[in-house]
Amino acid sequence: MIEARGLTKVYGDKTAVAGVNFTVEAGRVTGFLGPNGAGKSTTMRMIMGLDRPTSGTVTVNGAPFARHAAPLRGVGALLDAKAVHTSRSAYNHLLAMAATHSIAKKRVHEVIEMTGLADVAKKKVKGFSLGMGQRLGIAAALLGDPQTIILDEPVNGLDPEGVLWVRNLVKYLASEGRTVFLSSHLMSEMAVTADHLIVIGRGRIIADAPIQEIITGKGQSRTRVRSDQPDQLMHLLAGTGVSVELQENELLEVTGLDPRRIARIALESHVLIYELTPLQASLEEAYMELTKDEVEYHSLITTGADAPVQSGGN
Amino acid sequence: MSSTPTTLESTPSPRGAHAGRGAGDAVAGKMSGNGTSPGPGPSFLRVLNSEFIKFRTLLSTLILLGSTVLVVVGFGALSAWGTGQFSEAASTDPQAAAAFASQGGDLAVGVPTSGIAFAQLILGSLGVLLMSSEFTTGMARSTFAAVPRRTPAFAAKLLVVMVTAFVLTAISVLLAGLVSLPILDNYGLKLDLASSQSVKLLLVNSLYVAAVAAIGMSLGALIRNSAGGIMSLVGLFFVAPIAFQLIPGDFFVEARKYLPGNTVEPLTAVQHVPDTLEFWPAALVLGAWVVFPLLLAAFLLKKRDV
């Protein structure tokens, strides 16, 4: 279990992490989602004792990481795929890491097999692709068979097979009762991997909830309605908590009413509707909604108000 | 929002073992807590083993070590030849004879250590590189995630570097001596490798090179940049002595004695050399050049972000 309390990191006049509080529970995959520069990596480095918090504390299983008696056996982390001297072979890198905790050579071979690095283990890391570098980082994280696993952008640079592998691996690790904390800016990946989501933007936690709650909570259920008499229907549907938007000539998007209710209102007033499609908010939408004020770097070319509406959750 | 207890006062204390406890109490029951480690942790011997594995598995390190031996032995042989030529000249050239006599007559004893300046440059740079590369490659994040107290890893690396520098210099000087023997013999010069002055030269120079490697490590840890670290080392050992000599004024004449590179002469001289320190002050000054940068490096290593 990871607990951050008032965790703050200030670099010069820039606040990277602004007094965040969160708890990462054991036995589930907790996603750490946020735009670039939101403070994800800084937070993870503070958990690992690599960056010193400006104020606040973060503990793993009740104690700051630096006070752990056997750090690698308690917490394994992939913080940066390039946390390796690239002139050393993958095997020797893992061997040196293992030596600090008297982890057997057998375990080194095990994690090499597990991460699919057997063919390249004796080669210098210099020649590794980004994906192989990630696998080596994950191998290093698993070396001590730790109770807590922290992975910063683990699927970065992985091929589809590798992405699936990481997804299954973290789910398996969580199912064994381990604490899994996974950062990503890829919402689609989070949607299928994480059980619980902590969303960070500009150094602040903007959501901390089960993933389903975030999707349904923020992105309210919407319904697409086509009708011959959109103006009349708009008038009929209007009410508190309901918003109706005329999107095309005969196309409405209704928020705040479920499809059955819309159909009933239309039926009662004899308004013909010829399409009624429930739109489930995707995590992407929920996330955009949550972080729209929090992104550090806005694109110069924005799609503006007429951003395409995605239909169907994924 | 899930269970987020009220914010605790921030406790920036690095020794905040207690700091997280209050917040953790509510859920502490179901965790075993950190204290019960499931296996051995990073004891100093294990960290030392790890640092030794890191040291011997870099080809560039092995190349630097090999070139140190070659350079010291090569310079030993060259120096033996040069010394022979010089002594031969002394038998016919009165000027050379005078210079020869002024050296106390024993030129051969210094032959095996004639390449020390280069050993010092190479192994000092190695000290810089082994530390700075931790930061330039990102390896430091792995190293300090495994040893979050950091100073044991620094001390272990220091031990590996210093012992290697000492042993390698001693072996190189010995080899240089052995290679020089037949060359000197050719010119009728005697060199006794077991004489007290030979042994003293070997030991003091090896210790000195180990000290330079340690200073290099401090520079690498402080500057965290390979080029910058090596430039500083070269500045301290090669540029400063010359610059101090060129700048007029008594201050620089005096200050020059305290440069680390100028401490080895009084430590090995048979009799006191003008404009250098006495033996013990020189030993203390060299020790200070080793200890204070190391303490500063260790302190900042613990304090700074990786």
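Basis of the calculations
Residues numbered from 1 in each chain as written. Chains lettered and ligands numbered in written order. Predicted model: local features only at pLDDT ≥ 70, side-chain atom pairs only at ≥ 80, totals over all residues. Heavy atoms only, no water. Helix = DSSP H or I, 4+ residues; strand = E, 2+ residues; numbered from the N terminus. Buried < 20%, exposed > 50% of the residue type's maximum accessible area, 1.4 Å probe, protein only. Areas by Shrake-Rupley, 256 points an atom, 1.4 Å probe, with all protein chains shown as cover. Phe/Tyr/Trp six-rings, centres within 6.5 Å; stacked < 30°, edge-to-face > 60°. Lys NZ or Arg CZ within 6 Å of the ring centre and 35° of its normal. Patch = residues over 30% accessible without salt bridge, like charges linked within 9 Å, V, L, I, M, F, W, Y side chains within 5 Å. Salt bridge = Lys/Arg side-chain N within 4 Å of Asp/Glu carboxyl O. Pairing = 2+ DSSP bridges. Right-handed = clockwise from strand over helix to strand, strands pointing away. Arc of directions from axis to C-beta. Contact = heavy atoms within 4.5 Å. Axes fitted to C-alpha atoms, helices over the stretch in contact; angles between N-to-C directions. Parallel < 35°, antiparallel > 145°, perpendicular 65-115°, else oblique. Left-handed = near helix turned anticlockwise from the far one by under 90°. Nonpolar A, V, L, I, M, F, W, Y, C, P; charged D, E, K, R; others polar. Expected span 1.5 Å × (residues − 1). Polar contact = N/O pair within 3.5 Å; in protein donor to acceptor, adjacent residues only side chain to side chain.

J.: Talk me through the overall build of chain B; I want residue IDs and the actual numbers.
T.: Within chain B, the regular secondary structure consists of twelve helices and zero strands. Start at the N end of chain B and walk to the C end: the helices and strands fall as α-α-α-α-α-α-α-α-α-α-α-α. The 306 residues of chain B split such that 46% are buried. Accessible surface, chain B as shown: approximately 14600 Å² in total, 68% of it carbon and sulfur.

J.: Any details on the environment of N21 of chain A? Residues and values, ideally.
T.: Residues and elements named next belong to chain A. One can find N21 in strand β2 (residues 14-24). Given a relative accessible area of 16%, N21 falls into the buried group. Expressed as a C-alpha distance, the spacing of N21 and A4, which sit 17 residues apart in the sequence, is 5.0 Å.

J.: Account for the packing of aromatic side chains, naming residues and giving values.
T.: If you walk through the whole model with that rule in mind, you get seven aromatic pairs over all chains. A ring pair is formed by F244 of chain B and F252 of chain B, whose centres lie 5.2 Å apart and whose planes are at 80 degrees; its orientation type is edge-to-face. Here F279 of chain B and W280 of chain B contribute two aromatic rings whose centre-to-centre distance is 5.0 Å and whose plane-to-plane angle is 85 degrees, an arrangement assigned as edge-to-face. Look at W280 of chain B and you get exposed, because its relative accessible area is 62%. One residue, K122 of chain A, lies across the ring of Y91 of chain A, its end atom 4.0 Å from the ring centre. Just above the ring of F144 of chain B sits the side chain of R150 of chain B; from NZ or CZ to the centre is 5.7 Å.

J.: Mind laying out a nonpolar patch on the surface, listing which residues take part and the relevant values?
T.: Residue and element names in this part refer to chain B. Together, F44, L159, V163, V167, I171, L174, L175 and L178 make up a nonpolar patch on the protein surface, roughly 650 Å² of accessible area in all. When residues in the nonpolar patch are grouped by element, the largest group, seven residues, is from helix α7 (residues 151-186). Tracing the chain through its elements places V167 in helix α7.

J.: Tell me what's going on with the pairing of strand β6 (residues 148-152) of chain A, and back it up with residues and numbers.
T.: All names here are of chain A. Counting buried residues in β6 gives five out of five residues, a clear majority hidden from the surface. With burial as the criterion, each face of β6 is covered, one bearing T148, I150 and D152 and the other bearing I149 and L151. Two elements, strand β5 (residues 75-78) and β6, share four bridges in a ladder whose sense is parallel. Counted as the bridge partner of L78 is L151 from β6. Two strands pair when backbone bridges link them, and β6 and strand β7 (residues 179-184) are joined in this way by five bridges, in the parallel orientation. Within β7, the residue paired with I150 across the bridge is F181. Read from β6 through helix α6 (residues 160-175) to β7, the crossover connection turns out right-handed.

J.: Quick rundown of helix α4 (residues 105-114) of chain A? Include the residues and the values.
T.: All names here are of chain A. Regarding α4, the residues found buried are R107, V108, V111 and I112. Angularly, the buried residues of α4 cover 140 degrees about the axis, an arc narrow enough to put them on a single face. In α4, those exposed residues whose orientation departs by more than 90 degrees from the buried face are K106 and E113. Elements in contact with the buried residues of α4: α3 (90-99) and α5 (130-142). G116 sits one or two residues past α4 and shows a positive phi near 70 degrees.

J.: Describe the packing of helix α3 (residues 59-92) of chain B against α7 of chain B, listing the residues and the values that go with them.
T.: Residue and element names in this part refer to chain B. In the contact formed by α3 and α7, the axes pass within 8 Å of each other and the chain directions differ by 30 degrees. On the basis of the axis angle, α3 is roughly parallel to α7. Handedness of the crossing formed by α3 with α7: right-handed. Between α3 and α7, the residues in contact are L65, T68, V69, V72, V73, G76, A77, A80, W81 and T83 and T164, L168, S172, V173, L175, A176, V179, S180, I183 and L184, respectively. Here the contact of α3 with α7 is built from residues that sort into 14 nonpolar, six polar and no charged.

J.: Describe the sheet that holds strand β10 (residues 222-227) of chain A, and please don't skip the residues or the numbers.
T.: All names here are of chain A. Spatially, four strands are ordered β11-β12-β10-β13 in an open sheet, and the strand pairing comes out antiparallel. Since the sheet does not close on itself, it has two edges, and those belong to β11 (243-246) and β13 (273-279), each with one partner. On average, adjacent strands in this sheet sit at an angle of 20 degrees to one another, irrespective of strand direction. Alignment of β10 against strand β12 (residues 251-255), held across five bridges, turns out to be antiparallel. Considered in β12, the bridge of R226 is made with L251. Contacts from helix α10 (residues 259-268) reach β10, β12 and β13 within the one sheet, and its direction differs from that of β13 by about 160 degrees.

J.: Explain the packing of α3 of chain B against helix α5 (residues 116-137) of chain B to me, and be specific about the residues and the numbers.
T.: All names here are of chain B. Contact geometry for α3 and α5: axes closest at 9 Å, N-to-C directions at 170 degrees. One way to sum up the angle between α3 and α5 is to call them roughly antiparallel. Where α3 abuts α5, its residues T61, L64, L65, S67, T68, V71, V72 and F75 lie against F118, A119, I122, L123, L126, L129 and L130. Residues that form the contact of α3 with α5 fall into these classes: twelve nonpolar, three polar and no charged.

J.: Please provide a residue-by-residue account of α5 of chain A, values included.
T.: Taking 1.5 Å as the rise per residue, α5 of chain A with 13 residues should run 18 Å; its terminal C-alpha atoms sit 19 Å apart, in good agreement. Where burial is concerned, most of α5 of chain A is hidden: eleven out of the 13 residues are buried.

J.: Residues and numbers for the pattern of salt bridges, please.
T.: All names here are of chain A. This structure, assessed with the given rule, holds 17 salt bridges over all chains. Put simply, R226 and E248 hold a salt bridge, and the shortest N to O gap is 3.9 Å. A residue pair is termed long-range when its members are at least 10 positions apart, and R226 in strand β10 and E248 in the loop between β11 and β12 qualify at 22 residues. We classify E248 as partly exposed; its relative accessible area is 48%. If you follow the salt bridges from partner to partner, you end up with R224, R226, E248 and E275 in one network.

J.: Give a detailed account of the sheet that holds strand β4 (residues 55-60) of chain A, specifying residues and quantitative values.
T.: Residue and element names in this part refer to chain A. As summarised here, the arrangement of the three strands in space is β2-β1-β4, forming an open sheet in which the pairing is antiparallel. What marks the edges here is a single partner per strand, and that holds for β2 and β4. Across the sheet, the mean angle from the axis of one strand to that of its neighbour is 20 degrees, orientation sign disregarded. Packed onto the sheet, helix α1 (residues 40-47) meets β1 (2-11), β2 and β4 and runs at close to 115 degrees relative to β1.

J.: I'd love a proper account of the side chain of T23 of chain A, names of residues and values included.
T.: Along the chain, the position of T23 of chain A falls in strand β2. Looking at T23 of chain A, its side chain comes within polar contact range of the side chain of R5 of chain A, at 2.9 Å.

Geometry only, nothing functional implied.
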